[in-house]
Structures are given as C-alpha cells and as structure tokens.
Amino acid sequence: MDSKPASEKPFSFLEAFAQSIVRRDWYRQAARIPTRSAVRYAVLLFLLTGTLTGAKHAMDAHAFLGDLAENIPDDFPTLTVEKGKARADGPQPRKITSRPLTLVIDTTGRQTSLGEDVLDGFFVSADRVLVKRSGYEAEALRFSDLPDTTIKRQAILRLLDGARTAVFPLAIAGSLALTLVVKPAHLLLVSPFAFLINWRGKQGWKPPEIFRMGVFALTPALVADTFLTVTDLHGPVTFGFPLAVLAWYWAFGLTAPHRPAAVAS
C-alpha cells in the first residue's frame, strides 16, 4: 500500500487539467500540492492556451493579408514620397477596395477623407496617411516622418508576403507574453473574492493553500477564454466571462467539505 502523503504524490499535467474541471474534491488535494509544482503546472497551462490563441490570431491575420494581396489591382499607382510630400501616378482620387479595407489616394487635395460610409481603411493625401478603424479614432502618419521613398505594387506584395511569413511566430510570441502577464493578474484580481469566501464560510484555509487552489481554478477559466477566442465569440460582452468562471471554480474548491490537514508551503 502506498503510504506517501498526498502532497508528495506526483501528478501528470493531463490528470490535473481534467480533475480541475470535473472534480470538486480535487481542490482539497490541490491545496496540498507543493507550490513549485503548482507554478510548474500554471506555466505549462499558460504555454498551451497561449499557443492556441496565438495560432488562431495568426491564422486570421494570415488569411487577411492573403486576401489583401489578392485584391491589390495590377494597375496600382506608384506613390512617391519626397521631402515630406507624396505624389501618385494616374487619375485621382483613386479608390481601391480590398475586403474589408478601402484605400483612397488623393494627393491633389480634391478629396480630404475616406467618407462616412467607409468603416475601415487608409486615406493617402499629399502630406499624410490617415488610418480609420471602426470603433477607434483616426490616426495619422505624416510623410515628413519618413525618408524619401517610392512605393510600388511589387514592393507592397513583397511586404505582405514577408508579413504572412512572420505572422505566426510573432502572433504566438505575443499571445504567450500577454497570457503570462494577464492571467496571473486575473488570479490577483479575483483573490479578494476567494479570501472573502474563505472568511465568511469559516473554511480555515491558509493563504498559500488558497492561492494553490486558485492556480488550478485557472484551468476552466483559461479553457473558457480559449474557446471564446478560437470560436470568434470573444468581445466586450464576454470579457468578464473567464473571470466569472475562475471565481466560481475557486469558490467551488474552497467550499469543498472535509478540509485536509495543512502542510507547510
């Protein structure tokens, strides 16, 4: 018969992942797991979910850049920037629509904006590029901040092709960095609620035990967050849903009956 204490028994990542979602009494055992093991589990969880969400963002960006490249017309005008001023070949204003963006070029001054009916796009004037995105204020890039250059269709295609190549490592790295910062912050954000549950319910858990439970309660929260991202359901309305899942599972574990004996952290 194995007499090794529960706190010292090894556990696999997959075991902890599944138990954190389906078993309430698992959290009693999780409270006794050494802190270093809990941290190791959290890092692996962040790497897994961060990679999945990053890959989703990368695939979306890769497809968007591909559509953009395919919709650049063969007669795309050459744009020359010299001494902070731009000039373009061909008749102007020139409007190019490439789903979901619209590009308008007018260095003559006859047109001064994209228009109210355009939600997302670029407007190139003689001295600047205005970037318009739905839900955001328009941003401007002045040509006086750029060196003299000539922008041709082939140069844009090469730029887009390079961006498509780089988008996967950049998106995954960015998602991992964001996950490693934001998700521990979620744990700290919800922790007052967990301590309140422990105090009001007279559960008697110690602070290190409470936080170890919280680490494993991140599992269903991150599963929910990843699901919303992968299925394109993420948005302002669903922003707080993973936090609610974390709070619920943390309380779920804290109020589990038959508190185990405490161990030193």
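Structure: see above.
Note that the structure is predicted; figures quoted are calculated from it, not measured.

**Student:** Can you tell me about the packing of helix α4 (residues 153-200) against helix α5 (residues 207-230), naming the residues and giving the values?
**Tutor:** Relative to each other, α4 and α5 sit at 125°, their axes nearing to 9 Å. It follows that α4 is oblique to α5 by the angle criterion. In terms of crossing hand, the pair formed by α4 and α5 is right-handed. Here Lys183, Leu187, Leu188, Ser191, Ala194, Phe195 and Asn198 of α4 lie close against α5, whose contacting residues are Pro207, Ile210, Phe211, Gly214, Val215, Leu218, Leu222 and Asp225. Among the residues making up the contact of α4 with α5, the classes are represented as ten nonpolar, three polar and two charged.

**Student:** Would you mind going over the sheet that holds strand β8 (residues 149-151) in detail, with residue names and values included?
**Tutor:** Reading across from one edge, β2-β1-β8 is the order of the three strands in this open sheet, with antiparallel pairing throughout. Of all the strands in the sheet, just β2 (85-88) and β8 have a single pairing partner and so form its edges. Averaged over all pairs of adjacent strands, the angle between their axes in this sheet comes to 20°, without regard to strand direction. Bridging between strand β1 (residues 79-82) and β8 involves three bridges; their strand directions are antiparallel. Bridge pairing in β8 links Val81 to Thr149.

**Student:** I'd love a proper account of the pattern of salt bridges, names of residues and values included.
**Tutor:** According to the stated counting rule, one finds six salt bridges in the structure shown. One salt bridge connects Arg128 with Asp127, and the closest N-O pair in it is separated by 3.4 Å. Assessed through its relative accessible area of 24%, Arg128 is described here as partly exposed. When salt bridges that share partners are traced, they join Lys56, Asp60 and Asp232 into one network.

Quick notes on the rules
- Residues numbered from 1 in each chain as written.
- Predicted model: local features only at pLDDT ≥ 70, side-chain atom pairs only at ≥ 80, totals over all residues.
- Heavy atoms only, no water.
- Axes fitted to C-alpha atoms, helices over the stretch in contact; angles between N-to-C directions.
- Helix = DSSP H or I, 4+ residues; strand = E, 2+ residues; numbered from the N terminus.
- Parallel < 35°, antiparallel > 145°, perpendicular 65-115°, else oblique.
- Left-handed = near helix turned anticlockwise from the far one by under 90°.
- Contact = heavy atoms within 4.5 Å.
- Nonpolar A, V, L, I, M, F, W, Y, C, P; charged D, E, K, R; others polar.
- Pairing = 2+ DSSP bridges.
- Salt bridge = Lys/Arg side-chain N within 4 Å of Asp/Glu carboxyl O.
- Buried < 20%, exposed > 50% of the residue type's maximum accessible area, 1.4 Å probe, protein only.

Fair warning: the whole summary comes from geometry, so function is off the table for now.
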